[in-house]
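# Fold and contact review
For reference, the chains in residue letters:
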Amino acid sequence: MSRTDSSLSALGARWQALAPREQRLLLAASALVLLALLWWLALAPALQTLRTAGPRHSALDAQLQHMQSLQAEALQLQAQPRIRPDDAQRALQSSVAETLGATARLSLNGDRATLTLQGAPADALAAWLAQARSNARAVPLETHLTRSAPGGARAAAAPATRPPAPAAVRWDGSIVLALPPR
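We now turn to the structure provided with this report.

Quick notes on the rules
- Residues numbered from 1 in each chain as written.
- Predicted model: local features only at pLDDT ≥ 70, side-chain atom pairs only at ≥ 80, totals over all residues.
- Heavy atoms only, no water.
- Helix = DSSP H or I, 4+ residues; strand = E, 2+ residues; numbered from the N terminus.
- Rg over C-alpha atoms; globule rule 2.2 N^0.38 Å.
- Buried < 20%, exposed > 50% of the residue type's maximum accessible area, 1.4 Å probe, protein only.
- Contact = heavy atoms within 4.5 Å.
- Lys, Arg positive; Asp, Glu negative; His and termini not counted.
- Charge placed at Lys NZ, Arg CZ, Asp CG, Glu CD.
- Patch = residues over 30% accessible without salt bridge, like charges linked within 9 Å, V, L, I, M, F, W, Y side chains within 5 Å.
- Areas by Shrake-Rupley, 256 points an atom, 1.4 Å probe, with all protein chains shown as cover.
- Salt bridge = Lys/Arg side-chain N within 4 Å of Asp/Glu carboxyl O.
- 1 Å grid on protein atoms, 1.4 Å probe; cavity = no way out; pocket = protein on both sides within 12 Å on 5 of 7 lines; lining within 4 Å.
- Points joined across faces, edges and corners; volume = space filled by probe spheres on them.
- Nonpolar A, V, L, I, M, F, W, Y, C, P; charged D, E, K, R; others polar.
- Pairing = 2+ DSSP bridges.
- Core = buried A, V, L, I, M, F, W, Y, C linked by side-chain atoms within 4.5 Å.

Attention now moves to the overall build of the chain. A tally of helices and strands in the chain yields 5 helices and 4 strands. For the chain, the α and β elements follow one another from N to C terminus as α-α-α-β-β-α-β-α-β. On C-alpha atoms alone, the chain measures out to a radius of gyration of 36 Å, which is more than a quarter above the 16 Å that the 2.2 N^0.38 rule sets for 182 residues. The principal-axis extent of the C-alpha atoms belonging to the chain is close to 100 × 55 × 25 Å. A total of 182 residues make up the chain; the buried ones form 18% of that total. For the chain, the proportion of contacts with a sequence separation of at least 24, taken over those separated by at least 6, is 70%. In the chain, which carries 18 positive and 11 negative side-chain charges, the distance between the mean positions of the two groups comes to 6 Å.

Have a look at this one:
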């Protein structure tokens, strides 16, 4: 007889020595422990996965759509004809004058352009960056921006009877762009 067989027979003898009431209580306790293990190891993780699947699926769908739009934009940019560096510089200079006006100054140095901002409106800056990317094929390399202090002379001159209008976000700083290679 092996050690396992002797252990099982000893356990069986001990089981038979228990009163029927104790046997039922031991079976009930064992069933409760088994149900708890089944819940913690199998059912609870599966239910948690089911609960979070919907929102995760929606988030992944949104991320996929964003990635597909970026891919389409990249393919569109790749399909555009190459631009000469001189044309890129002229496109940048004209877009700075048209979009940012006196709040920005552009300096060109070889294949780099540095845009210096002083109180440039955020929406105009965003529009200019889109123009620089599509029209001049310029890519931002380095950005140092700080939010301009709100207020100024216009805010002090506003009548006290009207509530102050929310100040538009404005930026100070510089952006270094890489121009298309020669």
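Attention now goes to a nonpolar patch on the surface. On the surface, a cluster of nonpolar side chains totalling about 1100 Å² of accessible area is made up of Val33, Leu35, Leu37, Leu38, Trp39, Trp40, Leu41, Leu43, Leu47 and Leu50. As for its position among the elements, Leu37 is in helix H2 (residues 20-79).

In this section: the layout of surface pockets. In this structure, the second largest pocket occupies an estimated 210 Å³ of space. The wall of the second largest pocket is formed by Leu77, Gln80, Pro81, Arg82, Ile83, Arg133, Arg137, Ala138, Val139, Pro180 and Pro181. In terms of residue class, the lining of the second largest pocket is made up of 7 nonpolar, 1 polar and 3 charged.

Let us look at the pairing of strand S2 (residues 112-121). Here 6 bridges tie strand S1 (residues 104-109) to S2, and the two strands are oriented antiparallel to one another. Within S2, the position partnered with Leu106 by the bridge is Leu115. Connecting the antiparallel pair S1 and S2 is a turn made up of 2 residues, with Gly110 showing a positive phi of about 65 degrees.

On to the nonpolar core, then. Judged by nonpolar contacts, the single largest core of 21 residues is most densely connected at Leu92, Leu100, Leu115, Leu117, Leu125, Trp128 and Ala138. Elements with a minimum of two residues in this core: helix H3 (85-100), S1, S2, helix H4 (122-135) and strand S4 (170-178). Among the elements that make up this core, the one with the highest residue count is H3 (5 residues). Setting aside residues no more than four positions away along its own chain, Leu125 makes contact with Leu100, Leu115, Leu117, Leu145, Trp171 and Ile175.

This paragraph deals with the pattern of salt bridges. Across all of its chains, the model carries 4 salt bridges by this definition. With a closest N to O distance of 3.0 Å, Arg133 and Glu73 form a salt bridge. Highlighted residues: Arg133 in helix H4 and Glu73 in helix H2, separated in sequence by 60 residues. In this structure, a network of salt bridges that share partners links the residues Arg84, Asp87 and Arg90.

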